[in-house]
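Here's the letter readout for the chains.
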Amino acid sequence: MDATSAAVAAAAVFVWLGMVLAISFLEAPLKFRAPGVTVRIGLGIGRLVFRALNRVEAVLAVVVIAAVAAGDPPAAVTVLTALVAALLVIQLVGVRPALNRRSDRILSGEEVPRSRAHLLYVAGEVAKAVALFALGTTLLAS
């Protein structure tokens, strides 16, 4: 893979990974421990934060895909890029709508049971973080 494409893709991947780690694994759980933050307030904040994160993730995914496509990548980079993109699409199209419907119900005052969709989203975040780390290190080595 050419050095410029690999550098651009690696930079985007590690920025993306940092955002996922900071928001999904640090900010999201901690906000509910802050004094005065109710579930409804936490959900409202979370929806805004994750909507913004997902938009930035989509932009970073396009940057990574374009850089990888332009750089004559090895097979491992191509597979990992496709995996990361697929995980993001699954989260955005397959899981987020269910989470949004549930949070709409909670924000309207309805009592709802715990959601398996949330666990799927967290599993997707873990898988995406691992895949981003693998992609980033593979790009640095290529």
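Conventions adopted
- Residues numbered from 1 in each chain as written.
- Predicted model: local features only at pLDDT ≥ 70, side-chain atom pairs only at ≥ 80, totals over all residues.
- Heavy atoms only, no water.
- 1 Å grid on protein atoms, 1.4 Å probe; cavity = no way out; pocket = protein on both sides within 12 Å on 5 of 7 lines; lining within 4 Å.
- Points joined across faces, edges and corners; volume = space filled by probe spheres on them.
- Helix = DSSP H or I, 4+ residues; strand = E, 2+ residues; numbered from the N terminus.
- Nonpolar A, V, L, I, M, F, W, Y, C, P; charged D, E, K, R; others polar.
- Salt bridge = Lys/Arg side-chain N within 4 Å of Asp/Glu carboxyl O.
- Buried < 20%, exposed > 50% of the residue type's maximum accessible area, 1.4 Å probe, protein only.
- Patch = residues over 30% accessible without salt bridge, like charges linked within 9 Å, V, L, I, M, F, W, Y side chains within 5 Å.
- Areas by Shrake-Rupley, 256 points an atom, 1.4 Å probe, with all protein chains shown as cover.
- Core = buried A, V, L, I, M, F, W, Y, C linked by side-chain atoms within 4.5 Å.
- Contact = heavy atoms within 4.5 Å.
- Axes fitted to C-alpha atoms, helices over the stretch in contact; angles between N-to-C directions.
- Parallel < 35°, antiparallel > 145°, perpendicular 65-115°, else oblique.
- Left-handed = near helix turned anticlockwise from the far one by under 90°.

A. Spotlight on the layout of surface pockets. There is about 790 Å³ of room inside the largest pocket. Looking at the largest pocket, it is lined by 25 residues, and the ones nearest its centre are Phe32, Leu43, Leu99, Arg102 and His118. Elements represented by at least two residues in the lining of the largest pocket include exactly helix 1 (3-31), helix 2 (39-70), helix 3 (75-107) and helix 4 (116-141). Across the lining of the largest pocket, the residue classes break down as 12 nonpolar, 7 polar and 6 charged.

B. A look at the pattern of salt bridges. According to the stated counting rule, one finds 5 salt bridges in the structure shown. Close ionic contact of Lys31 with Glu27 constitutes a salt bridge, the shortest N to O distance being 3.4 Å. Within this pair, Lys31 and its partner Glu27 are both found in helix 1, separated by 4 residues, close to a single helical turn. Given the relative accessible area of 11%, Lys31 is considered buried. One salt bridge in this structure joins Glu110 and Arg105, with 2.7 Å as the shortest N-O distance. When its relative accessible area of 37% is taken as the criterion, Glu110 is described as partly exposed. Overall, Arg105 belongs to the partly exposed group, its relative accessible area being 37%.

C. Broad picture of a nonpolar patch on the surface. A cluster of nonpolar residues, Leu21, Phe25, Val122, Val126 and Val130, forms a patch on the protein surface that exposes about 390 Å² of accessible area. Put simply, the parts of the chain that give the nonpolar patch at least two residues each are helix 1 and helix 4.

D. Molecular detail of the nonpolar core. Among the nonpolar cores identified, the biggest contains 22 residues, and Trp16, Val64, Leu132, Leu135 and Leu139 are the most heavily contacted of them. Elements represented by at least two residues in this core include exactly helix 1, helix 2, helix 3 and helix 4. Of all the elements, helix 1 adds the most residues to this core, at 7 residues. What Leu139 contacts, discounting residues up to four positions off in sequence, is Met1, Ala6, Ala9, Ala10, Val13, Val68 and Val77. Formed by 8 residues, the second largest nonpolar core is a distinct cluster that contains Phe50, Leu53, Val95 and Tyr121.

E. Geometry of the packing of helix 1 against helix 4. Contact geometry of helix 1 with helix 4 gives a least axis separation of 9 Å together with a crossing angle of 155°. The angle between helix 1 and helix 4 falls in the class roughly antiparallel. Between helix 1 and helix 4 lies a crossing of left-handed hand. Counting all contacts with helix 1, which are made through Ala6, Ala9, Ala10, Val13, Phe14, Trp16, Leu17, Val20, Leu21, Ser24 and Phe25, the residues of helix 4 involved are Glu125, Val126, Lys128, Ala129, Leu132, Phe133, Leu135, Gly136, Thr137, Leu139 and Leu140. Along the lines of polarity and charge, the residues of the contact of helix 1 with helix 4 split into 17 nonpolar, 3 polar and 2 charged.

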